[in-house]
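# Structure at a glance
So you can see what is in the structure, the chains are spelled out below.
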Amino acid sequence: MADPTRYLSSEDRAAFVPVHAVWELTLACDLKCQHCGSRAGKRRSEELTTDECLDLVRQLARMGTREVTLIGGEAYLRRDWLRIIREIRDQGMDCTVQSGGLHLTEERIKAAVDSGLQALGVSIDGLQELHDKLRGVKGSFDAAFKAVRTVKKYGITASVNTQITSLVIPQLRELMNLFIEAGAKNWQVQLTVAMGRAADHPELLLQPYELLQLMPLLAELYEEGADRGLLLQPGNNIGYFGPYESLWRGSGDERVYWTSCNAGENTLGIEADGTIKGCPSLPTTPYAGGKIRDLSLKNIWWKTDELAINRIRTNQDLWGFCGSCYYANVCKAGCTWTTHVLFGRAGNNPFCHHRALELSKQGLRERIAQVERAPGIPFDHGRFELILESSDDSSVGTIPLSGNSLVQISRTRKRKIPEQIPAEKSESLILCRGCRQYVLPDAQTCPFCDGDIRTLAKLHAARLREARKAYSRLAKLLQPSGSANM
C-alpha cells in the first residue's frame with residue numbers, strides 16, 4: 001500500500017520539503033463563526049487574481065509540494081475555484097477542500113469532483129443547537145450533514161472536522177455516531193485556539209486541566225471509530241507525550257511520536273493576498289515571510305527568517321514548564337500557534353497531556369485567564385495569564401511570562417523531576433510498558449512510573465505471545481468443519 005501523500009519521509013524532513021500547503025483562497029465567508037481565527041466574512045482588499053493563483057500553483061509544484069488544501073473563508077465563493085483545482089491536479093499534486101458546508105450544493109460538489117477534487121472535509125462543531133450557535137447561522141448543521149452525504153455519493157473521501165470547545169466534550173460520542181451514519185471516513189479534531197473571534201469568547205476555550213477528561217475520551221472514540229470504519233485524527237495541538245501519543249501520531253504505530261511543530265519545515269500557509277507563512281493558522285505578524293507579488297515562493301521559503309523559525313528553534317527558546325520538561329528537545333513546546341496567541345510568544349504550552357498528568361500527580365493544575373482583549377483584525381489575539389492552582393481550586397500563583405516559577409513551585413512539592421532527554425538522543429525513544437510514556441532507549445528505570453524498563457518489556461512480550469496463542473486456538477475452533485482437509 002502506498003504511503004499517504006502527506007507522509008513525511010526522512011528525506012522530506014532533512015530537505016525541508018513543503019509537502020503540504022494550506023491555502024486561504026478568499027476571506028469571504030457565508031458563516032459567522034464565533035471561533036473563527038481569521039475573522040472571515042469579507043474578502044481581503046488585494047486578493048490574488050486568477051493568473052496569480054495559477055502561477056502560485058506552478059511554483060508550489062516546483063517546490064515539491066504534494067498536497068494542497070483549499071480553505072477560506074469559503075473556497076467556493078471564488079468564481080475561479082474550480083480552475084484552481086484543475087491546475088493543482090494538472091501539476092501532479094493532490095487537492096482537497098475544507099468547508100463549512102452551508103452552501104456546498106450538490107452542483108458545486110459534482111463540479112469540484114469533475115475538476116479533480118479528491119477529498120472534502122466539512123466542519124461540524126457540535127450537535128444541532130451548539131453547532132448552529134457557534135457557526136452563527138441557523139440551519140448550518142443540517143446543511144453540513146447534507147454536504148457530507150453528498151460527498152459520499154460522488155465517491156471521494158468525505159471527512160469531518162470538529163473544533164473542541166469547552167461545550168462540545170459531552171457531545172463527542174453522539175457526534176461520532178452521526179458522522180459514521182453519514183458516511184464520513186475521517187474525523188479530525190483540534191482544540192479551539194485563542195485567536196480571532198475565539199479570543200472574543202474565552203468561555204469557549206478549554207482549560208488545560210480539562211485535558212485529563214478529554215484525552216481518555218478521545219482514545220476511547222479512536223478505538224471505537226476504528227472498529228466502525230472511522231479514523232479519528234487529532235490535529236497538531238492535541239497531545240503531547242501522554243499515554244495515547246502513538247494513537248495521535250502514528251495510528252497505533254509506537255515508533256511514531258510528536259517531534260515538534262513543522263511549520264516552515266514541511267507545511268506552509270497561504271493567505272488570499274499571497275502572504276506566505278509557515279502554517280496557515282499562525283498570526284500574520286510576526287510569522288509572515290513575505291507576499292508572492294514581491295518575492296518568489298522559493299525565496300520566501302528559503303531566505304526569510306519567519307519561515308525558518310522551527311528549523312533553528314532549540315530548547316533555549318523554551319520557558320516555564322516546557323523549558324525544563326523531559327521532552328524539551330523532542331517536543332519544543334508543541335504547537336507554535338496555540339502558545340503564541342496565549343502569551344504573545346511561543347515556547348510554553350499548557351495544553352499538553354503529559355504536563356497536565358505530571359501536575360495532577362502533585363495535586364496541581366493550570367488555568368488560563370484573559371487579561372487583554374484582541375484588537376479585532378484577522379489572525380489577531382489578546383493575551384492570557386497562566387494561573388497555577390491546587391486541584392481543589394485554591395490558588396498557588398500566577399506564572400510570569402518569563403522565568404521558571406512553575407518549575408520552582410513543582411520542586412517544592414518534592415516530586416522528582418526527570419532530567420531532559422539529551423538533544424542528540426531526542427529522535428530515538430521507546431515506550432515504557434508500565435505507563436506508556438516515551439523514554440530513552442537505554443533507560444533502566446522509567447522516570448515517570450519508576451518501573452524497571454527491561455522487566456516491563458519482557459512481561460509485555462510474554463503477554464503478546466500468550467495473546468497470539470489464544471487467538472490461534474480460537475481461529476482453529478471457529479474454522480468450518482472439514483475445511484482443513486479441503
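## Let's talk about the side chain of H35
Position of H35 among the secondary structure elements: in the loop between strand 1 (20–24) and helix 2 (50–63). Aside from chain neighbours lying at most four places away, what touches H35 is D125, L134, R135, Q163, T165, T192, R197 and A198.

## Let's talk about the pairing of strand 3 (residues 94–99)
The element strand 3 is extensively covered by neighbouring structure, given that five of its six residues are classed as buried. Bridging between strand 2 (residues 67–71) and strand 3 involves four bridges; their strand directions are parallel. Within strand 3, the residue paired with T69 across the bridge is T96. The handedness of the strand 2 to strand 3 crossover, carried by helix 3 (residues 81–90), is right-handed.

## A look at the packing of aromatic side chains
With the rule as written, the count across this model stands at 14 aromatic pairs. Ring geometry for F145 versus F179: centroids 5.9 Å apart, planes at 25°, classification stacked. With a gap of 34 residues between them, F145 in helix 6 (residues 140–153) and F179 in helix 7 (residues 172–182) connect regions that are remote in the sequence. Of the two residues, F145 and F179, neither departs from the other in class, the shared state being buried. Ring centres of W319 and F343 lie 5.7 Å apart, and the angle between their planes is 75°; this geometry places the pair in the edge-to-face category.

## Side note on the packing of helix 2 against helix 3
At a minimum axis distance of 9 Å, the contact between helix 2 and helix 3 shows a crossing angle of 20°. Comparing the axis directions of helix 2 and helix 3 gives the class roughly parallel. Remark: the crossing between helix 2 and helix 3 carries right-handed chirality. Contacts between helix 2 and helix 3 involve T50, C53, L54, V57 and R58 from the former and R83, I84, E87 and I88 from the latter.

## Here we look at the sheet that holds strand 5 (residues 157–164)
Read from one edge to the other, the open sheet built from 10 strands follows the order 7-6-5-4-3-2-1-8-9-10, with strand pairing classed as mixed. With one partner strand each, in any of the chains shown, strand 7 (231–234) and strand 10 (288–291) form the two edges of the open sheet. Direction aside, neighbouring strands of the sheet carry axes that sit 20° apart on average. Relative to strand 10, strand 9 (residues 275–277) runs antiparallel, the two sharing three bridges. Across the sheet, K277 pairs through a bridge with A288, a residue of strand 10. Each of strand 1, strand 2 and strand 8 (267–270) touches helix 2; the most contacted strand, strand 1, lies at about 165° to it.

## Some words on the pattern of salt bridges
Tallying each qualifying case throughout the model produces 27 salt bridges. Notably, a salt bridge pairs R228 with E224, separated by 3.2 Å at the nearest N-O pair. Under the relative-accessibility criterion, R228 is labelled partly exposed at 37%. Between K469 and E466 there is a salt bridge, with the nearest N and O atoms lying 3.8 Å from each other. Of this pair, K469 and E466 both sit in helix 19 (residues 453–478), three residues apart, which is roughly one turn of the helix. Using a relative accessible area of 46% as the deciding quantity, one classes K469 as partly exposed. Overall, the relative accessible area of 47% leaves E466 in the partly exposed class. Each of E24, R44, E271 and K277 takes part in salt bridges that share partners, so that together they form one network.

## Details of the nonpolar core
One finds W23, L70, I124, W187, L218, F241 and Y327 to be the most contacted residues of the largest nonpolar core, which totals 134 residues. Residue contributions to this core peak at eight residues, all from helix 9 (residues 211–227). In this structure L218 touches I164, L172, V189, L232, I238 and W248, once residues within four positions along its chain are discounted.

## Things to note about unusual backbone geometry
Cis geometry is found at the peptide bond from G72 to G73, where omega equals 15°. A cis amide bond links T285 to the next residue, P286, at an omega of 15°. Structurally, P286 is set in helix 11 (residues 284–287). Non-glycine residue S251 carries a positive phi angle of around 50°. In this structure, S251 sits in the loop between helix 10 (245–250) and strand 8. The phi torsion at S260 lies on the positive side, around 85°, for a residue other than glycine. For S260, the location among the structural elements is in the loop between helix 10 and strand 8.

Cut-offs used in this document
- Residues numbered from 1 in each chain as written.
- Predicted model: local features only at pLDDT ≥ 70, side-chain atom pairs only at ≥ 80, totals over all residues.
- Heavy atoms only, no water.
- Helix = DSSP H or I, 4+ residues; strand = E, 2+ residues; numbered from the N terminus.
- Contact = heavy atoms within 4.5 Å.
- Buried < 20%, exposed > 50% of the residue type's maximum accessible area, 1.4 Å probe, protein only.
- Pairing = 2+ DSSP bridges.
- Right-handed = clockwise from strand over helix to strand, strands pointing away.
- Phe/Tyr/Trp six-rings, centres within 6.5 Å; stacked < 30°, edge-to-face > 60°.
- Axes fitted to C-alpha atoms, helices over the stretch in contact; angles between N-to-C directions.
- Parallel < 35°, antiparallel > 145°, perpendicular 65-115°, else oblique.
- Left-handed = near helix turned anticlockwise from the far one by under 90°.
- Salt bridge = Lys/Arg side-chain N within 4 Å of Asp/Glu carboxyl O.
- Core = buried A, V, L, I, M, F, W, Y, C linked by side-chain atoms within 4.5 Å.

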